[in-house]
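What the coordinates show
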Amino acid sequence: MITVMKFGGTSVGSAEALKRVANIVANTEGDRVVVVSAMSGITNFLVSVVENPLTDPDGVIQQFSDKHLLTASQLFGGETMDEFRAEFDARLEAFRKALLADREDPYYKDAVVSQGERFSSLLLAFVLRDQGLKSVAITSEDAGIIAVGRPGNGSADLLNTATGMTMKVRPLLSMGVIPIITGFYGTGSDKKPITFGRGGSDYSAAVVANAIDADMLEIWTDVDGFMSADPRIIPDAKKIPEMNFGEAAELAYFGAKVLHPRTIEPVRLKHIPLKVKNSFRPEEPGTLIHHLRKSTSEMLRSVAAKTDLSIITISSAEIAYRPAMVARIIDKIADINVIIYSISTSLSTVAFLVHNNDVKQTLRQLNGLSGGDIERIDVKNDVALICAVGDNLLDKCGVSGDIFGAVKEANANVEMISEGASDVSLNFVVPMSRVIDVVKALHDRFIGGQR
Ligand code: ADP
Ligand code: ASP
Ligand code: MG
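The structure contained in this document is the topic of the report that follows. (Residues numbered from 1 in each chain as written. Chains lettered and ligands numbered in written order. Predicted model: local features only at pLDDT ≥ 70, side-chain atom pairs only at ≥ 80, totals over all residues. Heavy atoms only, no water.)

Side note on the overall build of the protein
From N to C terminus, the protein includes 16 helices and 18 strands. Its C-alpha atoms give the protein a radius of gyration of 23 Å, within 12% of the compact-globule value 22 Å for 451 residues. Once the C-alpha set of the protein is aligned to its principal axes, its extents read approximately 75 × 55 × 40 Å. Considering only intrachain contacts with a sequence separation of at least 6, the fraction spanning at least 24 residues in the protein is 77%. Total accessible area computed for the protein in this model is approximately 19200 Å², and 50% of it derives from carbon and sulfur atoms. Of the charged side chains in the protein, 47 are positive and 56 negative, and the gap between their average positions amounts to 1 Å. (Helix = DSSP H or I, 4+ residues; strand = E, 2+ residues; numbered from the N terminus. Rg over C-alpha atoms; globule rule 2.2 N^0.38 Å. Contact = heavy atoms within 4.5 Å. Areas by Shrake-Rupley, 256 points an atom, 1.4 Å probe, with all protein chains shown as cover. Lys, Arg positive; Asp, Glu negative; His and termini not counted. Charge placed at Lys NZ, Arg CZ, Asp CG, Glu CD.)

Structure representation (structure tokens):
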């Protein structure tokens, strides 16, 4: 039995939290592979370092080092501390090099913002060793996690990662060693780190589970499981005991931050069940996400919202009768790797939903289309996509009417709808200013009151 266990930022955010995690790992039977995020706050700190002029590199290194050394001193001493210091100093030197490298290098940011994981993994490995377990901290590159794609938004190469991990991680398991692997990034062919986007350690853990054919993936976080809505917006959100892969994938993709948007696919491919659990309350059963689940009669299971989006509407006479033109527009957007969250057409318009940050680049691309083909392009910024998920939602009669009735009560104008693309979700766009009210209205009407 192999369990891949991923611990998020708050779960490894202090000495006390790390001790709790070490107990969870120690009490898990069978072979264990651990993937960790950076200590909470560290990645945000590194992001601000790369986004601002680097006026005081020594100060940055000092602040970063102090935080981890203080935590280490609260966890162990003696020989363990001596061994820790040797590895810590080597990693700190590598951090200094990354920080002082060429800021114009397209991989610079990823090399710096992915540093936090290298230190949290070291801390956890040494806490486990201090408790008498065999454990090593290994970086993603040493574990064989291969990344492809753009810096800041990479994907794993599953096939090559599986080959690398079979050679590098499996032998550790057969020696009874618990590997603690850095989440958040992989490396390309030139060994430069490529991160998987914010929150990417969940995805790293799913990739590791896929690569070593794990029997279970556990995502340990700071809430009791996958909930019916973001508990920060809906304080009485309910924990969902069981979900299928499709539901969880849609919700994660459309904004439920508890899982990185791409966590599900690597485990779904190999039928590996996933549990979301609370490292602060390990006795709670959490949420089980897997293939099979009995249908339920409830209409909505969970609501998520993807914020900071824009609608780009392209107008051109009778565009609906010119499919080649629509194809060219999509091709142009695909060329720059911009994600289209939704798309809708009418006789003379095509509308796309993209992230606010991608609007400028998309408009630049579209301007390159031959003149006269496009009559006008309009942009509506600051909208959000609401994703309402329920079991076989679209088989249920009158669902849309009931949902939009609740949206109307929240005084929100629906700007765009996509129903039917997936049989578990109904997605629609509302202005950002109405998001919280709409999520509350849907939750109150279909989830809060019904159980
Ligand atoms: P970690 O650092 O463990 O990866 P994150 O902060 O990335 O943790 O994700 C956990 C947080 O996700 C929770 O604290 C919660 O506020 C938020 N969240 C958003 N939507 C949901 C949801 N549907 N279920 C549970 N948590 C959610
Ligand atoms: N530390 C990274 C982040 O904050 C990755 C993660 O937490 O999953 O985005
Ligand atoms: Mg996360």
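Quick notes on the site of ligand 2
Residues in contact with ligand 2, as listed here, are Ser37, Ala38, Thr43, Glu117, Phe184, Arg198, Gly199, Gly200 and Ser201. Side-chain polar atom of Arg198 to an oxygen atom of ligand 2: 2.7 Å apart, as the coordinates give it. Isolated, ligand 2 exposes 260 Å² of accessible area, and the fraction of that covered by the protein chains is 87%. By residue class, the composition of the shell around ligand 2 is 2 nonpolar, 5 polar and 2 charged. (Near = heavy atom within 4 Å. Polar contact = N/O pair within 3.5 Å; in protein donor to acceptor, adjacent residues only side chain to side chain. Nonpolar A, V, L, I, M, F, W, Y, C, P; charged D, E, K, R; others polar.)

Describing the nonpolar core
Burial of nonpolar side chains together is a common tendency in soluble globular proteins. Grouped together as the largest cluster of nonpolar side chains are 59 residues, with contacts concentrated most on Val4, Ile181 and Ile289. The dominant element in this core, judged by the number of residues it contributes, is helix H10 (residues 201–211), at 7 residues. Contact partners of Val4, with chain neighbours within four places excluded, come to Val33, Val35, Ala205, Val208, Ala209, Ile212, Ala214, Met216, Leu217 and Glu218. (Core = buried A, V, L, I, M, F, W, Y, C linked by side-chain atoms within 4.5 Å. Buried < 20%, exposed > 50% of the residue type's maximum accessible area, 1.4 Å probe, protein only.)

Here we look at the site of ligand 1
As a structural note, the neighbourhood of ligand 1 is formed by 16 residues, with Lys6, Thr221, Asp222, Met227 and Arg232 the closest of them. Contact between ligand 1 and Lys6: an oxygen atom at 3.0 Å from a side-chain N or O atom of the residue. Thr221 places a side-chain nitrogen or oxygen 2.7 Å from an oxygen atom of ligand 1. With the chains in place, 89% of the 570 Å² that ligand 1 exposes on its own is no longer accessible. Tallied by class, the residues present in the shell around ligand 1 amount to 7 nonpolar, 4 polar and 5 charged.

As for the side chain of Ser120
Its location among the elements puts Ser120 in helix H6 (residues 116–130). Classification of Ser120 as buried rests on a relative accessible area of 0%. For Ser120, the residues in contact, after removing those within four places along its chain, are Val12, Val36, Ser37, Ala38, Met39 and His68.

Structural notes on unusual backbone geometry
Its identity as a non-glycine residue notwithstanding, Asp213 has a phi of 55 degrees, on the positive side. Positionally, Asp213 belongs in the loop between H10 and strand E9 (216–221).

Re the packing of helix H1 (residues 15–26) against H6
At their nearest, the axes of H1 and H6 sit 10 Å apart, and the two run at 60 degrees to each other. Taken together, the axes of H1 and H6 are oblique relative to one another. Crossing handedness for the pair H1 and H6: right-handed. Contact with H1, carried on its side by Leu18, Val21, Ala22 and Val25, involves Leu123, Leu124, Val127 and Leu128 of H6 and no other residues of that element. Considered class by class, the residues forming the contact of H1 with H6 number 8 nonpolar, no polar and no charged. (Axes fitted to C-alpha atoms, helices over the stretch in contact; angles between N-to-C directions. Parallel < 35°, antiparallel > 145°, perpendicular 65-115°, else oblique. Left-handed = near helix turned anticlockwise from the far one by under 90°.)

Side note on the sheet that holds strand E2 (residues 31–36)
Taken in spatial order, the 8 strands of this open sheet run E3-E6-E2-E1-E9-E11-E12-E10, and their pairing is mixed. In this open sheet, the two strands that pair with only one neighbour each are strand E3 (135–138) and strand E10 (242–244). Sheet twist, expressed as the mean angle between neighbouring strand axes with direction ignored, is 20 degrees. Sheet analysis places E9 next to strand E11 (residues 274–278), joined by 5 bridges and oriented parallel. Its bridge partner being in E11, Ile219 is matched across the sheet by Val276. Across the sheet, H1 lies against strand E1 (2–7), E2, strand E6 (178–182) and E9, angled at about 170 degrees from E1, the strand it touches most. (Pairing = 2+ DSSP bridges.)

Structural notes on the pattern of salt bridges
A complete count under the given rule lists 19 salt bridges for this structure. The salt bridge involving Asp230 is made with Arg232; its shortest N-O contact spans 2.9 Å. Judged by relative accessible area, Arg232 falls into the exposed class, the value being 60%. The shortest N-O distance in the salt bridge between Lys380 and Glu415 comes to 3.2 Å. Taken together, the positions of Lys380 in strand E16 (residues 376–389) and Glu415 in the loop between helix H15 (399–409) and strand E17 (416–419) put the pair 35 residues apart, joining distant regions of the chain. Look at Lys380 and you get partly exposed, because its relative accessible area is 41%. One salt-bridge network, held together by shared partners, links Asp58, Glu93 and Arg96. (Salt bridge = Lys/Arg side-chain N within 4 Å of Asp/Glu carboxyl O.)

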